[in-house]
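Close look at the chain arrangement
Listed here are the chains, written in short residue letters.
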Amino acid sequence: MSQQTAQHAQTAPPARRGGAVWALVITSVAGFMAALDNLVVTTALPSIRKDLGGALDDLEWTVSAYTLTFAVLLMFGAALGDRFGRRRMFLAGLTVFTGASAAAALAPGIGSLIAARAVQGVGAAVMMPLTLTLLTAAVPVAKRGMAYGIWGAVNGLAVASGPLIGGSLTEHISWQWIFWLNVPLGLALLPLARLRLAESHGTGAALDVPGTLLASGGLFGIVYGLVRGPADGWTSSLVLTGLIAGGVLLAAFVLHGMRAANPMLPMRLFRSRAFSGINAASMLMFLGMFGSIFLLSQFLQGVLGYSPTEAGLRMLPWTGMPMLVAPIAGILSDRIGGRPVVAAGLFLQAAGLGYMASVVAVDVSYAAQLPGLIISGVGMALFFAPASNLVMSSVLPKEQGIASGANNALREVGGALGIAIMASIFSAQGGYESGQAFVDGLRPALVTGGAVVAVAGVATLLIPARKRAAGGSEPAGSMPVLEGVGS
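Quick caveat, the model's predicted, so the values are computed rather than measured.

Details of the overall build of the protein
The helix and strand tally for the protein stands at 19 helices and zero strands. In the protein, buried positions account for 57% of the 487 residues. The contacts of the protein with a sequence gap of at least 6 include a subset with a gap of at least 24, amounting to 83%.

In structure tokens form, the structure reads like this:
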């Protein structure tokens, strides 16, 4: 590609080969696949252990191996798309993800399953951030709120319904089908994406390999320390080394982002209150939500005695809300701005978790849990679509790939930290010895999750209100304008 052509690709909108509808369908299904695999394994862990063996920490890594590689490579995946073509790298990531899903289903042992899950995370890290940039390029500005609403609904449903889908497939077919499910979807999406998505590029800057290594090593060290802390002891040499070395590497990553010519994540973006506020809120939201779902799905099965499918069905007032509410939230964000919608969603999510912490007991009825599930579901649904809109409108168009990768990475980091932190709180206060011991650990973990999500709501309130043109409306044909964009 010539320099002139590259410059044109960066500034001019790409030709729409298949239109916004095809882009919405393709990116939503791909996002669903990547998001689903975050928690789809949780309800299948007992069956996996029965078939493949392995200690408890091995089973934890079947979740963490995916989440961790997904988180630490997301920004690098977005950078690959900006440099080599977003559609091209989306296809590459989808191919890797689909192949690794088949390998996970065929895994003969726990070690090979963990390895396949790590490769799945690599494919998802390339594919996932590009879904939002490809969708943004294909959808007119005036329709983006609704498009983000549908995209957010599908992705939110995938994250929250992972335990239901995983439990149902495990109970009625086999645990391997939680991975086989991705294969036909991936094979169907590959030709559609090739034919229906338009190619686009970002800045074309050089890849930031040092930044990727620093971020990957730092996050791995911290998550490893948090996962192993309850089992090995917080003062063990490996745990302390992971936490300290991880913190040092992340500090070096921040310095690198401030000084490097073309860093993977320019720290100058965080000078924008809009960008820093929505990213802080996203990370804290996923921290509280992931940890809560991880423990509550086990509570419903291990303490209340529901089967995996029954437990998933009883979570539907929470998990099903994104499909009903998120499109409405997207429309609301177009009219009144994303900040009040996201803040309301986060405070509702916090209230729901706090309510569930107050009623959880060994013999709690489903009717008593229902209000908390509904409140949390509405809150989660109000968050997803407007948050995506806030992220993409908080930076310049040429930096949307970086913004998407950073936001998705921080969400995944929040999810990994949420499971590790809330599991640590659970282990410190309770355990699996009895139903009462489980409740004793679950209650403070849920309180912590609710408090963290409430802090996320406060972070959202720090985002500046969008400016409006004279007459009270946004300038035609423009994205919402936020203070600090591009500063």
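Regarding helix α11 (residues 237-259)
With 23 residues, α11 should cover 33 Å at 1.5 Å per step; its first-to-last C-alpha distance of 32 Å lies within 8% of that length. Taken as a whole, α11 has its buried residues at V239, G242, G246, F253, H256 and G257.

Some remarks on the environment of G330
Relative to the helices and strands, G330 resides in helix α15 (residues 321-336). Given the relative accessible area of 0%, G330 is considered buried. Sequence separation between G330 and I150 is 180 residues, and the spatial gap between their C-alpha atoms is 7.9 Å.

Re the packing of aromatic side chains
All chains considered together, the criterion is met by four aromatic pairs. Here the aromatic residues F299, F426 and F438 are joined through ring pairs into a cluster of three or more.

What about the side chain of Q120?
Mapped onto the elements of the fold, Q120 is located in helix α6 (residues 110-138). Residues in contact with Q120, not counting those within four places in the same chain, are D37, Y66, F97, A100, S101, F179 and N182.

What about helix α16 (residues 338-359)?
The end-to-end C-alpha distance of α16, which contains 22 residues, comes to 32 Å, matching closely the 32 Å that a straight helix rising 1.5 Å per residue would cover. Where α16 is concerned, the buried positions are G338, V341, V342, A343, G345, L346, Q349, A350, G352, L353, M356 and A357.

A look at the packing of α16 against helix α19 (residues 435-461)
In the contact formed by α16 and α19, the axes pass within 8 Å of each other and the chain directions differ by 165°. Regarding the angle of α16 to α19, the classification is roughly antiparallel. In the crossing of α16 with α19, the sense of the turn from one axis to the other is left-handed. Facing R339, V342, A343, L346, F347, Q349, A350, L353, M356 and A357 of α16, the residues of α19 in contact are R443, L446, V447, G449, G450, V453, A454, A456, G457, V458, T460 and L461. The residue makeup of the contact of α16 with α19, split by class, is 15 nonpolar, five polar and two charged.

Re the nonpolar core
With 133 residues, the main nonpolar core has F90, L113, L265, F299 and W318 as its most contacted residues. If one sorts the elements of this core by residue count, helix α12 (residues 273-302) sits on top with 16 residues. Excluding its chain neighbours within four sequence positions, the residues that come into contact with F90 are I26, A30, M127, L130, T131, L134, A193 and L197. If you look at the next biggest cluster of nonpolar residues, it comprises six residues, including M321, V325, A329 and V341.

Topic: the packing of helix α2 (residues 19-36) against helix α5 (residues 86-105)
One can describe the packing of α2 onto α5 by two numbers: an axis separation of 12 Å at closest approach and a directional angle of 40°. With respect to α5, the axis of α2 lies oblique. Helix-helix and strand crossings are classified by hand; for α2 and α5 the assignment is left-handed. Residue-level contacts link I26, A30, M33 and A34 of α2 to F90, L94 and F97 of α5.

Considering a nonpolar patch on the surface
Nonpolar side chains collect at one region of the surface, where V21, W22 and V25 lie side by side and expose about 270 Å² of accessible area between them. Within the fold, V21 resides in helix α2.

A look at the environment of A381
As for its position among the elements, A381 is in helix α17 (residues 366-393). Its relative accessible area of 0% is what places A381 among the buried residues. Residues A381 and G149, 232 residues apart in the sequence, show an inter-C-alpha distance of 9.2 Å.

Details of the environment of M422
For M422, the location among the structural elements is in helix α18 (residues 400-429). Every residue in contact with M422, bar those within four places of it in the chain, is listed here: L287, G288, G291, S292, L295, L417, A445, L446 and G449.

Brief notes about the confidence of the model for the protein
Summing up the model confidence of the protein, the mean pLDDT is 78 and the portion of residues at 70 or higher is 85%. Across the protein, α5 holds the top mean pLDDT of 91, while helix α1 (residues 3-11) sits lowest at 40. Considering only residues more than four positions removed or in separate chains, one finds that residues 1-16, a stretch of pLDDT under 50, has 15 contacts. A low-confidence stretch, residues 468-487 stays under pLDDT 50, and its non-local contacts, those more than four residues away or across chains, total 44 contacts.

Calculation criteria
- Residues numbered from 1 in each chain as written.
- Predicted model: local features only at pLDDT ≥ 70, side-chain atom pairs only at ≥ 80, totals over all residues.
- Heavy atoms only, no water.
- Helix = DSSP H or I, 4+ residues; strand = E, 2+ residues; numbered from the N terminus.
- Buried < 20%, exposed > 50% of the residue type's maximum accessible area, 1.4 Å probe, protein only.
- Contact = heavy atoms within 4.5 Å.
- Expected span 1.5 Å × (residues − 1).
- Phe/Tyr/Trp six-rings, centres within 6.5 Å; stacked < 30°, edge-to-face > 60°.
- Axes fitted to C-alpha atoms, helices over the stretch in contact; angles between N-to-C directions.
- Parallel < 35°, antiparallel > 145°, perpendicular 65-115°, else oblique.
- Left-handed = near helix turned anticlockwise from the far one by under 90°.
- Nonpolar A, V, L, I, M, F, W, Y, C, P; charged D, E, K, R; others polar.
- Core = buried A, V, L, I, M, F, W, Y, C linked by side-chain atoms within 4.5 Å.
- Patch = residues over 30% accessible without salt bridge, like charges linked within 9 Å, V, L, I, M, F, W, Y side chains within 5 Å.
- Areas by Shrake-Rupley, 256 points an atom, 1.4 Å probe, with all protein chains shown as cover.
- Salt bridge = Lys/Arg side-chain N within 4 Å of Asp/Glu carboxyl O.
- pLDDT = per-residue confidence, 0-100.

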